Each structure stands twice: as structure tokens, then as C-alpha cells.
Amino acid sequence: MEIEQLQYFKTVATMQHMTRAAEVLAISQPALSKSIANIEQHLGVPLFNREGRSIYLNRFGELFLQSVNVILDEYDRIKEEFEDIIKPGSGEVSFGFIHTLGMEVVPELIASTSSAFPNMHFSLTQATSLNLMKRLEEGAIDLCLSQKIESKVIEIETEELFVEELFVIVPTTHPLAMQESVKLDEVKNEPFIAIKKGNSLRQLVDEFFLDAGIELNTTFAAEEMHTVAGFVGAGMGISLIPNIKGLDHYKVKRLKVEPPCYRSVGVSWAKNRYLPPAVVEFRQYLLDYFQQREV
């Protein structure tokens, strides 16, 4: 039974005249009569008493009309809600981002959207790249801000937003703290403070050292960057991380790597999944925002 049939039924029940109802609905009377007959056949009971050209509800029809009114009211409500969601410049955008972007990048981004999208609402998720990928697979988020992620479940598309440099950080009391730059080979025997596995940065850092032929001596794996900086500042080892906000508050020295190490951060989404207009609009805003930010 379709919504259109329920609307036909309600119109006939209200007007109590098949011909006039057909005119209001802009369909032929035979087509309307057939639609009502199909409903009655589907329900197994007559809904109307007929007297000449007049038609009025019987007790089954009265009962059915109560349910039809609830269904059509709910249908109109959800239709209006969907119209609000897909209306340009409004609706809800659900996106996730890696922990390092939550220190400065994402707060500044969201602050900038208030004037551009005053009617848009954001649902934010901060997590590791692995957890963000799972949420993207499940459809719990529309977009993901992270290093490039790959899934075995869905096809993911990614557009680069920006590139940031990674630095070796050492305790301020370390002999290397006298230098401004360092080669990875110079720290190959140092105890290493890493980010926990499951984080895309951990995978990238491991690859940098692997490509340099270095086997890391990882003594501790932290949940997030500030913990890494804290352990390095306490003299527990060295690390390789982006230039995070607040790094200067720790007793560490930041050293450029020769040759430089970079990570690319982009916006990802499920390739073959429907994205509401608000999400598509915000995705383009992201690309424009970070392009201007780099200038």
C-alpha cells in the first residue's frame, strides 16, 4: 500500500463524493475507484457505504482513517525534516578527525563556519584513524579528516587538504639539542616514545624508520601527542611528531629532519554512498578553506 493510495482514501473520506474527489486529486474517477477498491481488497473489509453518487465511511473506514491520519502526519513531518536537511546551507554534517587536529585545526575550522553556514549543525567525533575508518564504514560519519585511510569493506575517496612536516623531538638536556637538524640515522640507537598502534601517524613513522633501515627501540607507546612530548621532556626518549600546539611548554627541542619527513592530511568519504547536499557543500568548503589557509 502506497502513500499516494492513503492520500486518495483520505480525500474521498473527507469529501464523501467520488467524482469531486477525483477532480481535486486530478485523476480519473475510474482510477480513483480502482485505488479505493484495491485498499479494501488488501484490508479484506469494505471501508465505505455507497448511496448513489454519495459515499461515506462505515465503521471499518472510520477506524482505518484514524490510522491513515497518523501515517500521513508522520510522513509530512519526516518529509519536512528531510527537506531541511538537504536544503543548501543547512542540515547536519557528521565528521570525524584525528586527535592532533583537535588541538587547533578543527576548532579554528568550526569557528570559521558559523558565518558561512549559520543553519548548519555539526556532529564531531575525535578518534584514532582506525576507529574513524570503522565509523566511516558503518555510516556513522559522513567525512573523515585524517591521513589517508584504506578499507577492506568500502571504497574510500580522499582529497588532500594540507601537508605538515614532522620533527624529531629530544629532551632539552640531550646532546642533540645543540643542533637545529638531524638525520634519522643519528637517533637509531635512542629509546623511542611512540604513538600507540592503530594510529595512522604510528604507521607512517614506522615506515620512515623502516625505509631508513632502522629498527626502532620503542620503550613506550602513548595515546596522544602531548603524552609523547611529556615523556620526551622527562628524558625517557626521543620521538618523531608534527609541530603540535603547546609543544613549547615541554622541555623538548624540536629538530628538523634531513631529508624532511611529511604527512598528508585529507578529507575522506565513502565513494558509493549518498552524501546529503549539506555534506557535499561542507566538503567543498573544507577544500577551499585549507587552500586559503596554506596561502
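In the block above lies the structure referred to throughout.
Numbering of residues starts from 1 in every chain and runs along the sequence as written. This being a predicted model, a pLDDT of at least 70 is required before a residue's local features are given, and a value of 80 or more before pairs of side-chain atoms are given or counted; all residues contribute to the totals for chains, interfaces and linings. Hydrogens are left out, water is left out, and the side-chain values use all remaining heavy atoms of the structure.

**Notes on the overall build of the protein**
And then number 1: Only DSSP runs of H or I reaching four residues or more are called helices, and only runs of E reaching two or more are called strands; each is numbered from the N terminus. Each helix and strand counted, the protein has nine helices and 12 strands in total.
And then number 2: A radius of gyration in this sense is built from C-alpha atoms; the matching globule rule multiplies 2.2 Å by the number of residues raised to 0.38. Taken over the C-alpha trace, the protein has a radius of gyration of 31 Å; the compact-globule value for 295 residues is 19 Å, which it surpasses by more than 25%.
And then number 3: Its C-alpha atoms put the protein at 105 × 35 × 25 Å along the principal axes.
And then number 4: Burial classes follow relative accessibility: with a 1.4 Å probe on protein chains only, a residue under 20% of its type's maximum area counts as buried, one over 50% as exposed, and anything between as partly exposed. Buried positions account for 44% of the 295 residues belonging to the protein.
And then number 5: What sets the accessible areas is the Shrake-Rupley method with a 1.4 Å probe; for residues, cover comes only from the shown protein chains. Within the structure as shown, the protein displays about 16,200 Å² of accessible surface, and the carbon and sulfur contribution to it stands at 50%.

**Observations concerning the side chain of Lys-253**
And then number 1: Within the fold, Lys-253 resides in strand S11 (residues 252–257).
And then number 2: A polar side-chain atom of Lys-253 sits 2.9 Å from the main-chain carbonyl oxygen of Ala-177.
And then number 3: Definition of a polar contact: a pair of N or O atoms within 3.5 Å, with one able to donate and the other able to accept a hydrogen when the atoms are protein atoms, and with sequence-neighbouring residues admitted only if both atoms are side-chain atoms. Looking at Lys-253, its side chain comes within polar contact range of the main-chain oxygen of Gln-179, at 2.9 Å.
And then number 4: We call two residues in contact when some of their heavy atoms are within 4.5 Å. Beyond its immediate chain neighbours, meaning those up to four positions away, Lys-253 contacts Val-168, Ile-169, Val-170, Thr-172, Ala-177, Gln-179 and Glu-180.

**Details of the pairing of strand S2 (residues 54–57)**
Remark: a regular strand shows side chains that alternate across the two faces of the sheet.
And then number 1: Residues Ile-55 and Leu-57 line the buried face of S2, whereas the alternating positions Ser-54 and Tyr-56 sit on a face that is not buried.
And then number 2: Pairing geometry for strand S1 (residues 48–51) and S2, over four bridges, is antiparallel. What sits directly across from Phe-48, in S2, is Leu-57. For two strands to be treated as a pair, DSSP must find no fewer than two bridges joining them.

**A look at the environment of Lys-10**
And then number 1: Within the element layout of this structure, Lys-10 appears in helix H1 (residues 3–15).
And then number 2: In the structure, Lys-10 is positioned 39 residues away from Asn-49 in sequence and 15 Å away in space, judged by C-alpha atoms.
And then number 3: The contact partners of Lys-10, leaving out residues within four places of it in the chain, are Leu-65, Val-68, Asn-69 and Leu-72.

**Points about helix H5 (residues 105–116)**
And then number 1: The end-to-end C-alpha distance of H5, which contains 12 residues, comes to 17 Å, matching closely the 16 Å that a straight helix rising 1.5 Å per residue would cover.
And then number 2: Residues Val-105, Val-106, Leu-109 and Thr-113 constitute the buried set of H5. All buried residues of H5 lie within an arc of 80° about the axis, which places them on one face of the element. Exposed side of H5, more than 90 degrees from the buried face: Ala-111, Ser-114 and Ser-115 are the residues found there. Each residue after the first adds 1.5 Å to the expected span of a helix. The arc in question is traced by the directions running from the helix axis to the C-beta atoms.

**Quick look at the packing of aromatic side chains**
And then number 1: Within 6.5 Å between ring centres, the rings of Phe, Tyr and Trp (the latter by its six-membered ring) count as paired, and their orientation is classed by plane angle as stacked under 30 degrees, edge-to-face over 60, tilted in between. Per the counting criterion, the structure on display carries 14 aromatic pairs.
And then number 2: Ring geometry for Phe-192 against Phe-209: centres 5.4 Å apart, planes inclined by 75°, an arrangement best described as edge-to-face. Separated by 17 residues along the polypeptide, Phe-192 in strand S8 (residues 191–195) and Phe-209 in helix H7 (residues 200–211) bring together distant segments of the chain.
And then number 3: With relative accessibility at 1%, the residue Phe-209 sits in the buried group.
And then number 4: Taking the centre distance of 6.1 Å and the plane angle of 20° together, the rings of Phe-282 and Tyr-285 count as stacked.

**Examining H7**
And then number 1: Over its 12 residues, H7 extends 17 Å from the first C-alpha to the last, a length consistent with the 16 Å expected when each residue adds 1.5 Å.
And then number 2: Burial in H7 covers these residues: Ser-200, Leu-201, Arg-202, Leu-204, Val-205, Phe-208 and Phe-209.
And then number 3: In the segment just after H7, Gly-213 is the residue with positive phi, at about 75°.

**Some remarks on the packing of H1 against helix H3 (residues 29–43)**
And then number 1: Packing of H1 against H3 leaves a shortest axis separation of 10 Å and a crossing angle of 105°. Taken together, the axes of H1 and H3 are roughly perpendicular relative to one another. Contacts between H1 and H3 pair Gln-5, Tyr-8, Phe-9 and Val-12 from the former with Leu-32, Ser-35, Ile-36, Asn-38 and Ile-39 from the latter.
And then number 2: Residues are grouped as follows: nonpolar covers Ala, Val, Leu, Ile, Met, Phe, Trp, Tyr, Cys and Pro; charged covers Asp, Glu, Lys and Arg; every other residue, Gly included, is treated as polar. When grouped by side-chain class, the residues that make up the contact of H1 with H3 number six nonpolar, three polar and no charged. In this analysis, axes come from line fits to C-alpha atoms, helices being fitted only over the stretch in contact, and the angle between any two N-to-C directions falls in the range 0 to 180 degrees. Geometric relationships in this document are graded by angle, where less than 35 degrees denotes roughly parallel, more than 145 denotes roughly antiparallel, 65 to 115 denotes roughly perpendicular, and other angles denote oblique.

**Let's talk about the pattern of salt bridges**
And then number 1: Basic side-chain nitrogens of Lys or Arg form a salt bridge, by our definition, when they fall within 4 Å of a carboxyl oxygen of Asp or Glu. Following the criterion strictly, the structure yields nine salt bridges and no others.
And then number 2: Across the salt bridge formed by Lys-188 and Asp-185, the nearest N and O atoms sit 3.5 Å from each other.
And then number 3: Taking relative accessible area as the criterion, Asp-185 reaches 48% and is therefore assigned partly exposed.
And then number 4: Between Glu-223 and Lys-196 there is a salt bridge, with the nearest N and O atoms lying 3.2 Å from each other. In this pair, Glu-223 sits in the loop between strand S9 (217–222) and helix H8 (225–233) while Lys-196 sits in the loop between S8 and H7, placing the two residues 27 residues apart along the sequence.

As far as function goes, none of this settles anything; it's purely spatial.
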